[in-house]
Amino acid sequence: MLIALASVKGSPGVTTLAVALAAGWPADVRRLIVECDPAGGDLAQRFGLAATPGLLSLAAVARQPVDPDIVWNHVQPLPGDLQVIPGPSGGQQARAALSTLTSPTSPLYGIARRPAVAMFTDCGRLDPGSPAEPLIRNADFLLLISGTYSDELAHLATRVHDIGHAASRACLVLAGRGHPTHAVERELGIPVMARIPHDPNAAARYTGRAAAGRRRAGGLDRVVGAVALALSGGTTREPSPPVPDFVQQVPGIPTQLTAASGVRVLPPPTVRNGHPHAGASGKEFLS
Ligand SMILES: Nc1ncnc2c1ncn2[C@@H]1O[C@H](COP(=O)(O)OP(=O)(O)OP(=O)(O)O)[C@@H](O)[C@H]1O
Ligand SMILES: [Mg+2]
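Engineer: Quick rundown of helix α8 (residues 181–188)? Include the residues and the values.
Structural biologist: Buried residues of α8: Thr-181, Ala-183, Val-184 and Leu-188, and no others. Down the axis of α8, the buried side of the element spans an arc of 165°, and every buried residue falls inside it.

This is the structure we're talking about:
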């Protein structure tokens, strides 16, 4: 299974969510994070990994069609029994590697199609013409992550429909403080799959700033666990529930589907009540 994660603007926590989601994914599959951010990667620095192996070394051997299993020669371990193909810090090198690794013969696709593999690709910011776009088109799910302050929503509104059409199944995920989820849903006309809470303690664990401890029942871990459960449903032996046609056309998971899967998560009351924007009309920030 291939789960792509991306943003449209700012740094809403894509890389953090990629690691958290992999950590919260059922551990009966091999969980691999691939840092495909065209602006360059962060995980090698955050977790003190060696510069190689990684995206560059994989791209160097994947210029011709190769056995997909070659991918496993280019991974490094992350805490929590995860594996990562770290991206180089430099954007130019990352983009060159991506042009190779997103070709139709890329070994990444071969590995992601394996039933016992969950691959999480951090595609960074999805600018038009991003070299990570083929990953979005080939993903089973795209998680499009956005902050909800007015400036962030204004950028999201201009791109969300194009991106939603490009991906086979796009899910909108909001992150952090800002305008309430229901206001964003109303104004964009798109259901929101989940709201990632502002949770600096959990974020510190997934960015290598705090020791990997036990996953907690609250905050980021709880929401990410619910997202992982819903998305990984497609990898179990149970047949997937039928997906209504309009999922193909409208970005985001339809409300009834998310309600049934239990994933639709509203911001915690402290965030909703404590934020001065809680009563703001959506028209203000999207018009
Ligand atoms: N849920 C969260 N709660 C609190 N802080 C968070 C959360 N998620 C991420 N952060 C913090 O926000 C910062 C940016 O996170 P991250 O690098 O994941 O963003 P990004 O979207 O990948 O950014 P970029 O586009 O620059 O790669 C980090 O310092 C991280 O610790
Ligand atoms: Mg990032």
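Now that the structure has been shown, we can carry on.
Engineer: For unusual backbone geometry, give the residues involved together with the corresponding values.
Structural biologist: With an omega of 5°, the peptide bond between Thr-52 and Pro-53 qualifies as cis. The residue Asp-81 is not glycine, and still its phi comes out positive at about 65°.

Engineer: Can you explain the site of ligand 1? Please cite residues and give values.
Structural biologist: Around ligand 1, the surrounding shell holds 19 residues, and the nearest of these are Ser-11, Gly-13, Thr-15, Thr-16 and Ala-203. Of all the secondary structure elements, the ones that give two or more residues to the shell around ligand 1 are α1 (14–24), β5 (117–125) and α9 (200–206). Looking at side-chain class alone, the shell around ligand 1 contains 7 nonpolar, 8 polar and 4 charged residues.

Engineer: Describe in detail the pairing of strand β1 (residues 2–7), supporting the description with residues and values.
Structural biologist: Counting buried positions along β1 yields 6 of 6 residues, so the element is predominantly enclosed. Taking every second residue as pointing to the same face, both faces of β1 are buried, with Leu-2, Ala-4 and Ala-6 on one and Ile-3, Leu-5 and Ser-7 on the other. Inspection of the sheet shows β1 paired to β5 by 5 bridges, in the parallel sense. Each residue of the ladder has a partner; that of Ile-3, found in β5, is Phe-120.

Engineer: Explain the packing of α1 against helix α10 (residues 219–232) to me, using residue names and the numbers behind them.
Structural biologist: Direction vectors running N to C along α1 and α10 enclose 65°, while the axes themselves pass 9 Å from each other. Classified by the interaxial angle, the pair formed by α1 and α10 is roughly perpendicular. Crossing handedness for the pair α1 and α10: right-handed. Touching Ala-20, Leu-21 and Gly-24 of α1 are Leu-220, Asp-221, Val-224, Gly-225, Val-227 and Ala-228, all from α10. Here the contact of α1 with α10 is composed, by residue class, of 6 nonpolar, 2 polar and 1 charged.

Engineer: Describe α10, with residues and values.
Structural biologist: Across its 14 residues, α10 extends 20 Å between first and last C-alpha, which sits within 8% of the 20 Å expected from 1.5 Å per residue. Every buried residue of α10 is listed here: Leu-220, Asp-221, Val-223, Val-224, Val-227, Ala-228, Ala-230 and Leu-231.

So, how was this worked out
Residues numbered from 1 in each chain as written. Chains lettered and ligands numbered in written order. Predicted model: local features only at pLDDT ≥ 70, side-chain atom pairs only at ≥ 80, totals over all residues. Buried ≥ 20, exposed ≤ 12 C-beta atoms within 10 Å, placed from the backbone. Helix = DSSP H or I, 4+ residues; strand = E, 2+ residues; numbered from the N terminus. Arc of directions from axis to C-beta. Near = placed C-beta within 6 Å. Nonpolar A, V, L, I, M, F, W, Y, C, P; charged D, E, K, R; others polar. Pairing = 2+ DSSP bridges. Axes fitted to C-alpha atoms, helices over the stretch in contact; angles between N-to-C directions. Parallel < 35°, antiparallel > 145°, perpendicular 65-115°, else oblique. Left-handed = near helix turned anticlockwise from the far one by under 90°. Contact = placed C-beta atoms within 7 Å. Expected span 1.5 Å × (residues − 1).

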